[in-house]
Amino acid sequence: MLGRKTTRQIARQIARHGLTLIATVLLGAFLSAVLVRCAPGFNVDEEELDPHLNSESIQALRQSRLEQRDIFHFYFHSLQRAIHGDLGTSLSLGQPVTTLLKDRLPLTLRLVVIGLLLSWAVALALALSAAWMRAIPYDTVATVISGTFLCIPAAVLALLSVLWNVPGALAIALIVFPRDYRYARNLLAKAYSLPHITMARAKGLSEWRILFWHVVPLAGPQLLAVAGVSVSVAIGAAIPVEALCGLAGVGQLAWQAALARDLPLLMNITILVTLVTLLANSSADVIGSMLRGQEA
Amino acid sequence: MTIWRRMACAILLLVVGLSAAANWLAPAGYAKQYREEADSGPSRAHWLGTDEIGRDRFARVLYGTRISLLLAPAAALLSTLMAALIGGLAGYLGGAWSRAAMAVTDLFLSLPWLFLLITVRALMPLNVSPVVSVLVTFMILGLLGWTSAARVLCASAGSLRDSDFVTQARASGIRGARLFWIHVLPNLKPVLYAQFWISIPAFILSEANLGILGLGVAEPLPSWGSLLKELEGLISVGEEPWKFVPLVLLVVVVTSFQLVLSKHEELAA
Amino acid sequence: MVGTSIEGVIPKAAFFPAGRGISRGLDIAHKGLFVMKNPHKKILPSLALSLLLIGSALAQGQLRFCLRSEPKTFDPLKVEDDSSVAIRYLTGGVLVRMNRQTQALEPELAQSWKVSKDGKQITFKLRSGVSFSDGTPFSAEDVAYTVQQLMDPSLHSPTGDAFRSGPGNVDTKVVSPTQITIAFPAPVAGLDRQFDQVAIMSAHSSKKEMAVLGPFMVADYKPGSTLLLQRNPNYWKTDAQGHKLPYLDSIKLDIQANRDVEMLRFKRGEIDLINSLDSEYFDKLASTSPQVVHDAGASLDSEQMWFNEVAKAPLPGYKKNWFRSAAFRRAISQAINRADLARVVFRGHAQPAIGAVSPANKFWFNAKLKPEVYSSEAALKSLQAEGFRLENGALKDKEGNAVVFSIITNSGNKYRERMATMIQEDLQKIGIHVNVVTLDFPSLIERMTQTFDYEAILLGLTNVGLDPNEQMNVWLSSSENHQWNPQEKTPETAWEAEIDRLMRTQASLADAKKRKEAFDRVQEIAQEQAPFLFLVNRNALSAVSEKVQGAGPVILVPQTYWNIERLSVK
């Protein structure tokens, strides 16, 4: 009986999340287009500086950007086309956005997923052992390690991964894990300090049992929220890593597009990133509330 | 425990003291270019060597500390407070509030803010003083940096809302802002501390990266971020170890911050 | 016309006459085989041996280096960006080629050519028996087709624009399959040299721009990561021993924008050469392996700074007055320590600039120009003569406004950032407060070409060609690229009018000596009026792995691989 009720609730929750998702993505696409359009440098092309070009050619170069000047027109036109599966053509690379994204998405996905898994493995291992051992020196060492990686610029980490020939996913993991670790450690420490868990420990329950029966339902929803957010962090980290390691992924593409003020490409990448962010965070929410329900 | 904390406090005080005494310790200042000794290693005259155009690295580290150590924690505090307010309230209120706040947060997480920053730079006059530029930069960082913590806080506050002791408190007549302030917010500390601690180095590094947009500290003013950027041209580790001093200093300071903070955390236990 | 001076670097190509490289390469391949073979197990069948041989030969014939950006097009006529230019150089067949070392024009697909006296017409006698990479035969029709496509005004090709000296159509006349005459509506200065940039396309091939006449052809392209060029099996050229060129089997180009990563990969042996190497890296490499680095001396490129002289610029009137005063600009120029810029920022791998033309451009450089002598005192004195005065260490103008301005440069270019910071300190000595602002390139271009919301800009000018016509649009006051004050309806100053006249005159003359007279005067005016403060000419630095044979880096683009067809890899 209870099962059916929660199923219906969850279905409703998913539907609500779906609606929010569509609205947010549409708004995100529009806002990103506005941001790009309003930022300086939208109407110019580096090639204008080529002294070989005569006046007419420079004017033609400037004209080519004019059609995207009216942001509302551009936005609705793009939406219309997107419904038919055409995401437009990149200004700077001259290729269809669909092809560009399709070619580069698998690499970035692999990079981000492996990076995230690695970072969470390290973060949870460190945080759990810190919570179990409750030894200040150990905690300090873990803090120094994660602090060090937090302080090294992402570009330097990416460069080091080239220097030592390690895969880019590891660089992403190293950029992401200190944040995960800090949240996880603080949340777990808090959970373990609660009276009923101290009591359970005193009763001699096994650490694993305490973890799964008492700690996970408590800290789980929050840890999931951290996990959801870490997806955005990993995507952000993919930009310098891909750009420096010469990996042809979406991160590298996003960077090129930003430098070239490539509106169609940027807007589609924003949509993609918004989608992934929303999916990650919403699923963290849904699963989190399921955990909470279980606890109740 | 107290020893660790005391040590951390002492280190922080020492760093602050050193940077305050920069005028005496490095009387030539951070901008003087010793052009005959550019990019040299440590020497009597230049303890940490000189940078690419011959400026004393030791002086730059000291003066950079002033800016970074003052402004990064301030910006981190701002972003933590914003996260607490937005995320905490959204989670505490729940329902449509929470959904709307989280949708905005997600949007914040995915928009290309780079272009906003470029626009901000365009709106500022070109001859802006370096101090104003760096203040604006850290303020923007603080204003944009709250998003990930807000999401976690929302989840935490959501759990708290349904928890026994908040229900009890509500039953005993404590309501609204008071309930949020007294019972909800203190329980969000683990997340708030994490956010604060992560933000400090993150903002210090971001400030340097915003240099490419003409934001952040302007030449010749130093900051830790701009000193750390020197590491980006490194093609071998260990060749010039003195270039790592700013990094080591930052790690030490960040760790000290954590140790000072963790005292409160243990107290909560 | 112009000889290269390469101080201290003997062109290596001289040691490896045609043909040596490849035979050497094979020698070593054999040696390698013997080392690999295990003498105790004499069971290597001949098949495995030959397979190994093929395998090693394939691996050895590949040259690898980095492109710093994504090539925007493979269509040689639309080429604008550096990476596309590089690919055009490697794959395109041209009628004539300027030898990057001797700077002399050499026959390629054209056996001979003749420019008419009025400079409007050129006749090429073409090589016969040549075919494109896909087997389509090459004839005068292809040249006609290429020129017609190139000159189509709607194409807006920079290569085509360089030929457009006056209104009217270009006429191509195919006299025979091996002879063609091309007539332009107005004289084109240095007409024959311009064809160095024109890669001939096939009029008939179904593969369009992918059918090429150059030594290599595009075999595989992975956007964002690599580009593989394969040798063109139909390439017409042979060396003196009759070996088919090019020696290399393939070229692997990695798209890698980051110089640090490029350097790392070079050190690890993953790439074989680096063009325009950073001076820090040059010194680092030189300290460990001096044989791989080459400093070919001052290049044609210049780094320069200029003030905003646009009348409608959104700047206060008093600032416009400073910037539009030649005396002010000259004084600033005098107060900049160029020798320090070259010595500190470029670690001595740059020369203080003298004028608009690099001394490396031997023929066109005006040797009578005197280098600017750095002197803060003299600069201050001439500013005081103009009514400026020094008050408590700050320079004020007649009306009492403190002299403060910003220098913008593009972010990410550490050399320019450092130069700007050094200029900041230099000018502080005469009481001028400079703010250094780094902007992302599009923002900078918008300020420079559209909003004119800037005070001073520090940028570089890359010169690919030697001819003054290459700089035509920089000097003509009506042009968009006349950076300090673009698109003037009529020249706003007498000296700009004079430069306009001189530039047009030199373009209409066929006599090189008279052209030089006119252009020498342009350089003198440019120095007197200082619309550009030329700072340094960077040296052409490069690194070439020891595995590469036949390389002799030069100052002209593409420095290290200008003789690509004669390079080989051990």
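Keep in mind that this is a model prediction, so the values were computed, not measured.

Engineer: So what about the overall build of chain C? Which residues, and what values?
Structural biologist: Looking only at helices and strands, one finds 17 helices and 21 strands in chain C. Counting the 570 residues in chain C, one finds 52% classified as buried.

Engineer: Explain the overall build of chain B to me, using residue names and the numbers behind them.
Structural biologist: Secondary structure assignment for chain B yields twelve helices and zero strands. Listing every helix and strand of chain B by position from the N terminus yields α-α-α-α-α-α-α-α-α-α-α-α. For chain B, the C-alpha atoms occupy an extent of roughly 75 × 50 × 35 Å along the three principal directions. Counting only residues that meet the buried cut, chain B has 51% of its 269 residues in that class. The long-range share in chain B, meaning contacts at least 24 apart out of those at least 6 apart in sequence, stands at 72%.

Engineer: Give a detailed account of the sheet that holds strand 7 (residues 179-183) of chain C, specifying residues and quantitative values.
Structural biologist: Residues and elements named next belong to chain C. In spatial order, the strands read 4-5-7-6; together these four strands make up an open sheet with antiparallel pairing. In this open sheet, the two strands that pair with only one neighbour each are strand 4 (110-115) and strand 6 (171-176). Across the sheet, the axes of successive neighbouring strands diverge by a mean angle of 15 degrees, strand direction being ignored. Note that strand 6 and strand 7 share five bridges and pair antiparallel. Bridge assignment links Val174 to a residue of strand 7, and that residue is Ile180. Along the sheet, helix 4 (residues 140-150) contacts strand 5 (121-126), strand 6 and strand 7; its crossing angle with strand 6, the most-contacted strand, is approximately 175 degrees.

Engineer: Tell me about the interface of chain C and chain A, and please be specific about residues and values.
Structural biologist: If you look at the interface, chain C gives 36 residues, while chain A gives 34 residues. Contributing elements (two or more residues each) for the side of chain C that touches chain A: helix 5 (158-161), strand 10 (250-255), helix 7 (259-267), helix 14 (441-451) and helix 15 (472-475) of chain C. The leading source of residues in the side of chain C that touches chain A is helix 14 of chain C, at seven residues. Classifying every residue of the side of chain C that touches chain A by side-chain character gives twelve nonpolar, twelve polar and twelve charged.

Engineer: Give a detailed account of the pairing of strand 7 of chain C, specifying residues and quantitative values.
Structural biologist: Residue and element names in this part refer to chain C. Of the two faces of strand 7, the one holding Ile180 and Ile182 is buried and the one holding Gln179, Thr181 and Ala183 is not buried anywhere. Relative to strand 7, strand 5 runs antiparallel, the two being bridged by five bridges. Along strand 7, the bridge assignment pairs Ile122 with Ile182. Hairpin connection from strand 6 to strand 7: two residues lie between these consecutive antiparallel strands.

Engineer: Quick rundown of the nonpolar core? Include the residues and the values.
Structural biologist: The biggest cluster of nonpolar side chains holds 321 residues, and the ones touching the most others in it are A:Ala158, A:Ile172, A:Leu188, A:Ala234, B:Leu153 and C:Leu95. Ignoring sequence-local partners within four residues, the contact set of A:Ala158 consists of A:Ala171, A:Pro240, A:Val241, A:Leu244 and A:Cys245.

Engineer: Kindly report on the packing of helix 4 (residues 97-133) of chain A against helix 7 (residues 168-192) of chain A, identifying the contributing residues and their values.
Structural biologist: Residues and elements named next belong to chain A. Here helix 4 crosses helix 7 at 35 degrees, and the two axes come no closer than 6 Å. Helix 7 is crossed by helix 4, and the crossing has right-handed handedness. Broken down by class, the residue content of the contact of helix 4 with helix 7 amounts to 25 nonpolar, three polar and two charged.

Engineer: So what's going on with the environment of C:Phe74? Which residues, and what values?
Structural biologist: All names here are of chain C. Among the secondary structure elements, Phe74 is positioned in the loop between strand 1 (62-67) and helix 3 (82-91). Here the alpha-carbon distance between Phe74 and Met210, two residues 136 residues apart in the chain, equals 7.6 Å. Each residue touching Phe74, except ones within four places of it in the same chain, is listed here: Ile87, Glu209, Met210 and Val218.

Engineer: Outline the interface of chain B and chain A, supporting the account with residue identities and numerical values.
Structural biologist: Taken residue by residue, the interface counts 48 residues in chain B and 52 residues in chain A. Elements supplying a minimum of two residues to the side of chain B that touches chain A: helix 4 (95-110), helix 5 (114-123), helix 7 (147-161), helix 10 (189-209) and helix 12 (245-268) of chain B. Here the side of chain B that touches chain A takes nine residues from helix 12 of chain B, the largest share from any one element. Looking at side-chain class alone, the side of chain B that touches chain A contains 33 nonpolar, eight polar and seven charged residues.

Engineer: Requested: an account of the packing of helix 3 (residues 57-93) of chain B against helix 10 of chain B, with residues and values cited.
Structural biologist: Residue and element names in this part refer to chain B. As a packed pair, helix 3 and helix 10 sit with axes 8 Å apart at the nearest point and diverge in direction by 140 degrees. On the basis of the axis angle, helix 3 is oblique to helix 10. Between helix 3 and helix 10 lies a crossing of right-handed hand. On helix 10, the residues that touch Ser68, Ala72, Pro73, Ala75, Ala76, Leu77, Ser79, Thr80, Ala83 and Ala84 of helix 3 are Leu192, Gln195, Phe196, Ser199, Ile200, Phe203 and Ile204. Partitioned by chemical class, the residues of the contact of helix 3 with helix 10 number twelve nonpolar, five polar and no charged.

Engineer: I'd love a proper account of unusual backbone geometry, names of residues and values included.
Structural biologist: The step from B:Glu219 to B:Pro220 runs through a cis peptide bond, and the omega angle for that step is 5 degrees. Looking along the chain, the bond that leaves C:Val557 and enters C:Pro558 is cis, with omega of 0 degrees. Tracing the backbone through its elements, the reader meets C:Pro558 in the loop between strand 20 (548-549) and strand 21 (568-569). Here the phi dihedral of C:Asn392 falls at roughly 50 degrees; this positive angle occurs in a residue that is not glycine. In this structure, C:Asn392 sits in the loop between strand 14 (389-391) and strand 15 (394-396). Phi at C:Ala530 takes a positive value of approximately 50 degrees, unusual for a residue other than glycine.

Engineer: Before we move on, can you summarise helix 4 of chain A with the specific residues and values?
Structural biologist: A rise of 1.5 Å per residue sets the reference length of helix 4 of chain A, with its 37 residues, at 54 Å; its end C-alpha atoms lie 51 Å apart and thus fit the reference within 8%. At A:Leu105, helix 4 of chain A shows its largest bend, some 40 degrees, and a proline, A:Pro106, comes one to four positions later.

Engineer: Can you tell me about helix 8 (residues 195-203) of chain A, naming the residues and giving the values?
Structural biologist: Three or four residues apart is the spacing at which side chains of an α-helix point the same way, because the helix has 3.6 residues per turn. Little of helix 8 of chain A sits out of view: just zero of its nine residues are buried. Looking one or two places after helix 8 of chain A, you find A:Gly204, whose phi comes out positive at around 90 degrees.

Engineer: Outline the pairing of strand 19 (residues 532-544) of chain C, listing residues and values.
Structural biologist: Residue and element names in this part refer to chain C. Within strand 19, 13 of the 13 residues are buried, leaving the element largely enclosed by the surrounding structure. Here strand 11 (residues 273-274) pairs with strand 19 via two bridges, running antiparallel. If you follow Leu273 over to strand 19, its bridge partner there is Val544. Strand direction decides the pairing type here: strand 12 (residues 293-307) and strand 19, joined by nine bridges, are antiparallel. Residue Asp295 lies in a different strand from strand 19, and its bridge partner there is Leu541. Pairing of strand 13 (residues 350-352) with strand 19, which is carried by three bridges, proceeds in the antiparallel orientation. Looking at strand 19, one finds that Gln351 is bridged to Asn537.

Engineer: Tell me about the environment of A:Leu87, and name the residues and values.
Structural biologist: Residue and element names in this part refer to chain A. Of note, Leu87 is situated in the loop between helix 3 (71-83) and helix 4. Overall, the presence of 21 C-beta atoms within 10 Å leaves Leu87 in the buried class. With 26 residues separating them in the primary sequence, Leu87 and Val113 have C-alpha atoms 25 Å apart. Excluding residues that lie within four positions of it along the chain, Leu87 makes contacts with Ala82, Val97, Thr98 and Asn268.

Engineer: Now, about the environment of A:Met267: what can you tell me, with residues and values included?
Structural biologist: Residue and element names in this part refer to chain A. Secondary-structure assignment places Met267 in helix 11 (residues 263-295). As a C-alpha pair, Met267 and Gly18 span 249 residues in sequence and 21 Å in three-dimensional space. Beyond its immediate chain neighbours, meaning those up to four positions away, Met267 contacts Ala29, Ser32, Ala33 and Ser78.

Engineer: Describe the confidence of the model for chain C, and please don't skip the residues or the numbers.
Structural biologist: Residue and element names in this part refer to chain C. Confidence in the prediction for chain C averages 86 pLDDT; 89% of positions are at 70 or higher. At the low end of the mean pLDDT range in chain C sits helix 1 (residues 20-36), at 29; at the high end sits helix 10 (residues 326-335), at 97. For residues 1-59, every residue scores under 50 in pLDDT, and the model assigns this stretch 68 contacts once sequence neighbours within four places are set aside. Across the assembled chains, the prediction reports ipTM 0.89 with pTM 0.88.

Cut-offs applied
- Residues numbered from 1 in each chain as written.
- Chains lettered and ligands numbered in written order.
- Predicted model: local features only at pLDDT ≥ 70, side-chain atom pairs only at ≥ 80, totals over all residues.
- Helix = DSSP H or I, 4+ residues; strand = E, 2+ residues; numbered from the N terminus.
- Buried ≥ 20, exposed ≤ 12 C-beta atoms within 10 Å, placed from the backbone.
- Contact = placed C-beta atoms within 7 Å.
- Pairing = 2+ DSSP bridges.
- Axes fitted to C-alpha atoms, helices over the stretch in contact; angles between N-to-C directions.
- Nonpolar A, V, L, I, M, F, W, Y, C, P; charged D, E, K, R; others polar.
- Core = buried A, V, L, I, M, F, W, Y, C linked by C-beta atoms within 7 Å.
- Left-handed = near helix turned anticlockwise from the far one by under 90°.
- Parallel < 35°, antiparallel > 145°, perpendicular 65-115°, else oblique.
- Expected span 1.5 Å × (residues − 1).
- Bend = angle between axes of the 7 residues up to and from the residue.
- pLDDT = per-residue confidence, 0-100.

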